[in-house]
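# Working through the structure, step by step
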Amino acid sequence: MIYLDNAATTKTAPEVVEAMLPYFTEHYGNPSTIYSLGGESKKAVTDAREIIAKSLGAKTEEIYFTAGGSEADNWALKATAEAYSNKGKHIITSKIEHHAILHTCEYLEKQGYEVTYLDVDRDGLINLEELKAAIRPDTILISIMFANNEIGTIEPIAEIGAIAKEKGILFHTDAVQAYGQLPINVDEMNIDMLSASGHKLNGPKGIGFLYIRKGVKSRSFIHGGAQERSRRAGTENVPGIVGLGAAADRAMRIMEEKTRKEIEVRDYLIKRIEDEIPYCWLNGHRTKRLPNNVNFSFLYIEGESMLIMLDMKGVCASSGSACTSGSLDPSHVLLGIGLKHEEAHGSLRLTLSEENTKEEMDFVVDNLKQIVARLRDMSPLYEDFLKSQQK
Ligand SMILES: *Cc1c(COP(=O)(O)O)cnc(C)c1O
């Protein structure tokens, strides 16, 4: 099997699993207790919080554990909207955010908030002048993702942070794809809140965190006990937190080497596809791009058919076509960068890990060439297109 869907989820690293195991067995104490069994759990949670804080240039008490990226995104938006509603009810985001942001914004619109959804260009970048122009006296929050999960484009985060700071507006970034893949410093980038998720960086599923800068007003997101500084109640997911800490530690340690390896294999894959498969193009920015992301549109192809045929060859991939998006419309991200519906339907996302090799990419491209040719052979539209080319 060749796993090329690391933007969907990653394999939990063996060292992460190993770090977690004792917290299911010997060290099962509740961190809130007095006796030493609970103390060990508490220490493990604190250690993980410290590792994560350090990785962002943040303070330990600014890291709040959540049940993943979606929860962190919901918290950042809903609790900030509530806490700052006296100042205003306007939020700025982009059209290509993850649904955890977009659907939360739609929910807030129903609660009387106004949301500006910034356009992006063909590469998926927001326009900083448009951002500035969208800011109003009642704007309370800017939420722009660090890097896009479909097309890999990296947004100008430090520039957005500078604008937000100058205008006195809070800046949240969904860094679920970026954290562990790209260097991040919340002070240098003027980030006030940041979401991340364990299972996107070789950690466990169902655990993530929200960074909230000290001084930012936020509301309790889960009501109950005093865990997470009374803002997110519930007995801590100790094994998950330990796993997230171990995954963060590992990610920071291997980042340089992983990035180097991935970019080499990524660019090799991009070049072979561009050179050898006709009527296709790369989606997303060519250089301001996650090291592991490849996203192509193939004309006259249905994404699902490609995925099914790749699966038969043992290749796991993803598409922005309608069926995989879970709705009648293809990916909002691909439509957001200006693709036509049929161009978005024919998209293929391949997201690598540091373990993938050029040999594997050769296997993928050799098969992909055949798959694309076979599917086009069956397409009456492609036949018409070829005829029109011959005229
Ligand atoms: C995966 C992802 C999420 C959701 O994270 P979960 O931990 O799966 O809830 C949010 N935003 C982005 C950009 C993602 O890639």
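In this text, all values refer to a predicted model and were calculated from it rather than measured experimentally.

### Re the packing of helix α7 (residues 238–276) against helix α12 (residues 358–377)
At a closest axis distance of 10 Å, the pairing of α7 and α12 adopts a crossing angle of 25°. In terms of axis orientation, α7 runs roughly parallel to α12. When the axes of α7 and α12 are compared, the crossing they make is right-handed. Facing E264, V265, Y268, L269, R272, I273 and E276 of α7, the residues of α12 in contact are K358, M361, D362, V365, D366, L368 and K369.

### Description of α12
Taking 1.5 Å of rise per residue, the 20 residues of α12 would be expected to cover 28 Å, and the 28 Å separating its terminal C-alpha atoms lies within 8% of that figure. Residues of α12 that are buried include every one of M361, V364, V365, N367, L368, I371, V372, L375 and R376, and no others.

### A word on the nonpolar core
In this structure, L56, I142, F146, I184 and F209 are the most contacted members of the largest nonpolar core, which totals 62 residues. Of all the elements, α7 adds the most residues to this core, at eight residues. Inspection of this core shows a minimum of three residues originating in each of domain 1 (13–251) and domain 2 (255–390). Not counting the four nearest positions on each side in its chain, I184 is found in contact with S55, L56, F146, A175, A178, Y179, M189, I191 and L194. In terms of nonpolar packing, the next biggest core, distinct from the first, is built from 29 residues, I273, V315, L352 and L368 among them.

### Here's the deal with empty space enclosed by the protein
One pass over the structure, following the stated rule, counts one cavity of 30 Å³ or more. Counted as a void, the largest cavity has a volume near 130 Å³. As for the largest cavity, its lining consists of 16 residues, and the residues nearest its centre are T10, K200, L201, N202 and K258. Each of domain 1 (13–251) and domain 2 (255–390) contributes no fewer than three residues to the lining of the largest cavity.

### Focus on the domain arrangement of the protein chain
On domain assignment, one finds that the protein chain holds domain 1 (13–251) and domain 2 (255–390). Computed from C-alpha atoms alone, the centre-to-centre distance between domain 1 and domain 2 is 30 Å. Contact residues are listed per partner, giving 28 residues for domain 1 and 26 residues for domain 2. The contact between domain 1 and domain 2 buries some 2100 Å² in all, and 52% of this surface belongs to carbon and sulfur atoms. Of all residues in domain 1, R122, E150 and Q181 give up the largest surface area on contact with domain 2, accounting jointly for 34% of the area buried on that side. There are one salt bridge connecting domain 1 and domain 2. Between R250 and E354 there is a salt bridge, and its shortest N-O distance comes to 2.9 Å. For the interface between domain 1 and domain 2, the tally reads 15 residue pairs in polar contact (both at pLDDT 80 or more). Listing elements by their share of the side of domain 1 that touches domain 2, those giving two or more residues are α4 (99–110) and α7. Taken together, the residues of the side of domain 1 that touches domain 2 break down into 11 nonpolar, 10 polar and seven charged.

### A short note on the environment of T33
Here T33 shows up in the loop between α1 (14–20) and α2 (36–56). Residue T33 is classed as partly exposed on the basis of its relative accessible area, which comes to 24%. Polar side-chain contacts of T33 include one of 2.7 Å to the backbone oxygen of N30.

### Description of the packing of helix α3 (residues 69–83) against α4
Packing of α3 against α4 brings their axes to within 9 Å, and their N-to-C directions diverge by 30°. On the basis of their axis angle, the class for α3 and α4 is roughly parallel. Judged by the sense of rotation from one axis to the other, the crossing of α3 with α4 is right-handed. Within the contact between the two elements, α3 uses S70, D73, N74, L77, K78 and A81 and α4 uses A100, I101, T104, C105, Y107 and L108.

### Let's talk about the sheet that holds strand β12 (residues 347–351)
Ordered by their spatial adjacency, three strands build an open sheet running β9-β10-β12, and the pairing between neighbours is antiparallel. Because the sheet does not close on itself, it has two edges, and the strands there are β9 (280–282) and β12. With strand direction ignored, the average angle separating the axes of adjacent strands in the sheet is 20°. Sheet topology places strand β10 (residues 293–298) next to β12; five bridges connect them, and they run antiparallel. Within β12, the residue paired with V294 across the bridge is L350. Taken strand by strand, helix α8 (residues 303–312) contacts β10 and β12, and its axis lies near 40° from that of β12.

Cut-offs and rules
- Residue numbers restart at each chain and count upward from 1, following the sequence in its written direction.
- With the structure being a predicted model, the display of local features is reserved for residues of pLDDT at least 70 and the display and counting of side-chain atom pairs for 80 or more, all residues being used for whole-chain, interface and lining totals.
- Side-chain numbers come from the whole structure's heavy atoms, not from hydrogens or water.
- Every axis corresponds to a line fitted to the C-alpha atoms, with the helix fit spanning only the stretch in contact, and the corresponding angles, defined between N-to-C directions, vary from 0 to 180 degrees.
- Here a helix means four or more residues in a row that DSSP labels H or I, a strand means two or more in a row labelled E, and each is numbered from the N terminus.
- Between 65 and 115 degrees an angle is taken as roughly perpendicular, under 35 as roughly parallel, over 145 as roughly antiparallel, and anywhere else as oblique.
- Each crossing gets its handedness from the near helix: less than a right angle anticlockwise from the far helix is left-handed, clockwise is right-handed.
- Only heavy atoms enter the contact rule, under which two residues are in contact if any of them lie within 4.5 Å.
- In this analysis, the expected span of each helix is defined as 1.5 Å times one less than the number of residues it contains.
- Burial classification: accessible surface area is computed with a 1.4 Å probe over protein chains only, and a residue below 20% of its type maximum counts as buried, one above 50% as exposed, and the rest as partly exposed.
- Nine residue types can take part in a nonpolar core, namely buried Ala, Val, Leu, Ile, Met, Phe, Trp, Tyr and Cys, and a core is a set of them joined through side-chain atoms within 4.5 Å.
- The source of the domain bounds is an automatic or database domain assignment.
- In this analysis a 1.4 Å probe is tested at points of a 1 Å grid over the protein atoms alone, and where it fits but cannot get out there is a cavity; an open set with protein on both sides within 12 Å along at least five of seven lines is a pocket; lining residues have an atom within 4 Å of a point.
- Grid points are joined across faces, edges and corners, and a volume is the space filled by probe spheres set on the points.
- Two parts placed together each lose some accessible area; with a 1.4 Å probe, that loss summed over both constitutes the buried area.
- Think of a salt bridge as a Lys or Arg side-chain nitrogen and an Asp or Glu carboxyl oxygen that are within 4 Å of each other.
- Polar contacts, as used here, are pairs of N or O atoms within 3.5 Å; protein pairs need one atom able to donate a hydrogen and one able to accept it. Residues neighboring in sequence count only if both atoms are side-chain atoms.
- Any residue outside Ala, Val, Leu, Ile, Met, Phe, Trp, Tyr, Cys, Pro, Asp, Glu, Lys and Arg is labelled polar, Gly included; the first ten of those are nonpolar and the last four are charged.
- Two strands make a pair as long as DSSP finds a minimum of two bridges between them.

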